[in-house]
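One letter stands for each residue in the lines below.
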Amino acid sequence: MSPMPGRPAVAVLLPAAERTHVVDELRKAGYDPLAVADSKELGELLATRQDIVVGVVDVEGHPDDASRSWELLHGTPVVPALLVVNPATLERLDDEAGHETDEYLTRPYTAESIRWRVEAMVIRSTAAADVSGTELVTDFEGGDWGRRGQVVAVFNPKGGVGKTTIAVNLAAALVARGKRVLVVDADTVTGHIPTSLGMDGVPTVVDHWRDELDGGPVLSFDEQASAHASGLKVLPLSSSPIHTEVLDPQRVAQGLIQARRAADIVIVDLHPSYSPLNRAVFDMADRIMVPVTPDLAAIRAVVKLVEVADELGVRDRLSLIVNRAASGVAVADLERTVGLPVFGQVRSGGMLVVRALNEGRPLVELAPREKITQEFLALADSVMGVEPAAETARAGLRLFGRPIAVRA
Ligand SMILES: Nc1ncnc2c1ncn2[C@@H]1O[C@H](COP(=O)(O)OP(=O)(O)OP(=O)(O)O)[C@@H](O)[C@H]1O
Ligand SMILES: [Mg+2]
């Protein structure tokens, strides 16, 4: 088994029935999949190959052997493990201390989902290269993070500035960083998050609440949401701008508050208006991210928003995301003009963004190595309260030590 240059190797320890399928998919995705039968073979492989980026391990068939494999992967250096489990096992594992770089994939899984997860893990491990990973993830456990997730509303009263693009791609980037993410499409007028993720016929909150009126079960937002292949959970409030009477703003806000128990981050994409629904969301959101394009109309809309936010008492939750940022955008000028801090920047992705939308795939999946994707990953790190890995890498700070984890 000689290494294939440029193709990251993935060790695959799965039952025969799944192995071929996964190996084929990983090979198609540009990896060098190396199938092994048990922990003994895995040990031999790890001793001879230094280029293994992820180990995919079945946890169910032979638990003792799986546990031996897990230990082997967590030697020096640590190889992130993608542990394939049955849903019931995952429930049990939840409270046990695993390694920070581990991820779980529940059965049944699709070929696409395993490939996606491996991609995401590779992005994570390269972004955090030379860092134990532990530092990056465990540091917020002392803060609010251990108890509940945060709600991030994405809003600008001006249309077409990139709210939905940012909501979807930030959500996908957070999933790639291993977070549990629920994205709520609260734009009942022009919302299209499910389609932009290639998902059809996704049930909405309106569907569930109507059903409830007819004697159906009372379900939390987490239970109502549909899962994307990446693990991202998606919940649109409505698929139609009419017949939304059932969407009581206070009940929606309560639903979001409750959703923080099951998600690390809840992202809410809003319609560009000051509707009662939007104001109820502003009230409970932990942060309100305001995408702004560097043009006069968009900047004016934000100046107006700041006035309204002052009146509503939520100004301190607002921050700007400069979208379609040209390299020369004067951040300091923008901050001074609108009176809000810039939280992050996303360049123009041109046709790539259009392609992502057409293919129903987030950028982190479609083009993990593109600069715009790296910016979304950096944004995800900022949301999580970690110094953005991409920023750190660019600035070369890693030469002087580990990136510092900052509490949220
Ligand atoms: N960084 C970017 N690079 C390239 N295209 C972008 C970028 N951001 C947004 N777009 C494109 O601009 C258009 C508007 O973006 P988007 O739908 O995200 O805006 P929005 O603020 O959600 O609009 P609305 O107010 O109608 O909901 C879309 O066609 C999207 O693909
Ligand atoms: Mg939108």
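Residues numbered from 1 in each chain as written. Chains lettered and ligands numbered in written order. Predicted model: local features only at pLDDT ≥ 70, side-chain atom pairs only at ≥ 80, totals over all residues.

Undergrad: Tell me what's going on with the overall build of the chain, and back it up with residues and numbers.
TA: Secondary structure summary: the chain contains 18 helices and 13 strands in total. When the 408 residues of the chain are sorted by exposure, 40% land in the buried category. For the chain, contacts bridging at least 24 residues in sequence account for 70% of all contacts bridging at least 6. (Helix = DSSP H or I, 4+ residues; strand = E, 2+ residues; numbered from the N terminus. Buried ≥ 20, exposed ≤ 12 C-beta atoms within 10 Å, placed from the backbone. Contact = placed C-beta atoms within 7 Å.)

Undergrad: A description of the packing of helix α7 (residues 163-176) against helix α17 (residues 371-383) should follow, citing residues and the corresponding values.
TA: Look at α7 against α17: their axes get within 8 Å of each other, and the N-to-C directions meet at 75°. Taken together, α7 and α17 sit at an angle that is classed as roughly perpendicular. Each of Asn 169, Leu 170, Ala 173, Leu 174 and Ala 176 in α7 lies in contact with α17, whose residues at this interface are Phe 376, Leu 377, Leu 379, Ala 380 and Val 383. Split by residue class, the contact of α7 with α17 holds 9 nonpolar, 1 polar and no charged. (Axes fitted to C-alpha atoms, helices over the stretch in contact; angles between N-to-C directions. Parallel < 35°, antiparallel > 145°, perpendicular 65-115°, else oblique. Nonpolar A, V, L, I, M, F, W, Y, C, P; charged D, E, K, R; others polar.)

Undergrad: Can you lay out the environment of Val 246 for me, pointing to particular residues and giving the numbers?
TA: With respect to the helices and strands, the residue Val 246 is situated in the loop between β9 (233-236) and α11 (249-259). Classification of Val 246 as partly exposed rests on a count of 16 C-beta atoms within 10 Å. C-alpha of Val 246 to C-alpha of Asp 207: the two residues are 39 residues apart in sequence and 9.5 Å apart in space. When neighbours within four sequence positions are excluded, Val 246 is seen to be in contact with Val 206, Trp 209 and Arg 210.

Undergrad: Please give an account of the site of ligand 1 that cites residues and values.
TA: For ligand 1, the set of nearby residues contains 19 residues, the closest of which are Gly 159, Gly 162, Lys 163, Thr 164 and Thr 165. Residue assignment for the shell around ligand 1 shows that the elements contributing at least two residues are α7 and α15 (351-359). Partitioning the shell around ligand 1 into residue classes produces 6 nonpolar, 10 polar and 3 charged. (Near = placed C-beta within 6 Å.)

Undergrad: Which residues make up the sheet that holds strand β3 (residues 52-58), and what values do they have?
TA: The strands making up a sheet associate through hydrogen bonds between their backbones, and the pairing can be parallel or antiparallel. With respect to topology, 5 strands assemble into an open sheet ordered β2-β1-β3-β4-β5, the strand pairing being parallel. Because the sheet does not close on itself, it has two edges, and the strands there are β2 (32-35) and β5 (103-106). With direction set aside, neighbouring strand axes in the sheet form an average angle of 20°. Two strands pair when backbone bridges link them, and strand β1 (residues 9-13) and β3 are joined in this way by 5 bridges, in the parallel orientation. (Pairing = 2+ DSSP bridges.)

Undergrad: Give a description of the sheet that holds strand β10 (residues 265-270) that names residues and reports values.
TA: Overall, mixed pairing links the 8 strands, which are arranged β8-β9-β7-β10-β6-β11-β12-β13 in an open sheet. If you trace the sheet from one side to the other, it starts and ends with β8 (226-227) and β13 (342-346), each paired once. The pairing of strand β7 (residues 181-186) with β10 spans 6 bridges and is classified as parallel. Looking across to β10, one finds that Leu 182 is bridged to Val 266. Strand contacts of helix α13 (residues 296-312): β11 (287-292) and β12 (318-323), with the helix running at about 160° to β11, the strand carrying the most contacts.

Undergrad: Which residues make up α11, and what values do they have?
TA: The complete set of buried residues in α11 reads Val 252, Gly 255, Leu 256 and Ala 259. One side of α11 carries all its buried residues, which in axial view fall inside an arc of 100°. Lining the buried residues of α11 we find β6 (150-154), β7, α10 (221-224), β10 and α12 (276-284). (Arc of directions from axis to C-beta.)

Undergrad: Which residues make up the packing of α11 against α12, and what values go with them?
TA: Working note: a packed helix pair is described by the angle between its axes plus the distance between those axes. Where α11 meets α12, the closest approach of the two axes is 8 Å, and the angle between their N-to-C directions is 35°. Seen along the crossing, α11 lies across α12 with a hand that is right-handed. Between α11 and α12, the residues in contact are Pro 249, Gln 250, Val 252, Ala 253, Leu 256 and Ile 257 and Pro 276, Leu 277, Ala 280, Val 281, Asp 283 and Met 284, respectively. Across the contact of α11 with α12, the residue classes tally to 10 nonpolar, 1 polar and 1 charged. (Left-handed = near helix turned anticlockwise from the far one by under 90°.)

Undergrad: Pulling in residues and values, what's your account of the pairing of β2?
TA: Pairing of β1 with β2, which is carried by 4 bridges, proceeds in the parallel orientation. Following the sheet pairing, Val 10 is matched in β2 by Pro 33.

Undergrad: Could you give me a rundown of the confidence of the model for the chain, with the residues and numbers involved?
TA: Averaged over every residue, the pLDDT of the chain is 83; the share at 70 or more is 84%. In this model, residues 127-147 is a region of pLDDT below 50 whose contacts with residues beyond four sequence positions or in other chains number 30 contacts. With pLDDT under 50 throughout, residues 387-408 is counted as low confidence; its partners more than four residues away or in other chains account for 43 contacts. (pLDDT = per-residue confidence, 0-100.)

Undergrad: Can you tell me about the pairing of β3, naming the residues and giving the values?
TA: A large share of β3 lies buried, amounting to 6 of its 7 residues. Relative to strand β4 (residues 81-85), β3 runs parallel, the two sharing 4 bridges. The residue of β4 that forms the bridge with Asp 58 is Val 84. With respect to chirality, the unit in which β3 leads through helix α3 (residues 63-73) into the neighbouring parallel β4 is right-handed. (Right-handed = clockwise from strand over helix to strand, strands pointing away.)

Undergrad: How would you sum up unusual backbone geometry? Please name residues and give values.
TA: For residues that are not glycine, phi is negative in most cases, and the peptide bond is trans in most cases. That bond from Arg 107 to Pro 108 is cis: its omega, 0°, falls within 30 degrees of zero. Its identity as a non-glycine residue notwithstanding, His 243 has a phi of 60°, on the positive side. Looking at where His 243 falls in the secondary structure, it is placed in the loop between β9 and α11. By the C-beta count within 10 Å, which is 12 here, His 243 ends up exposed.

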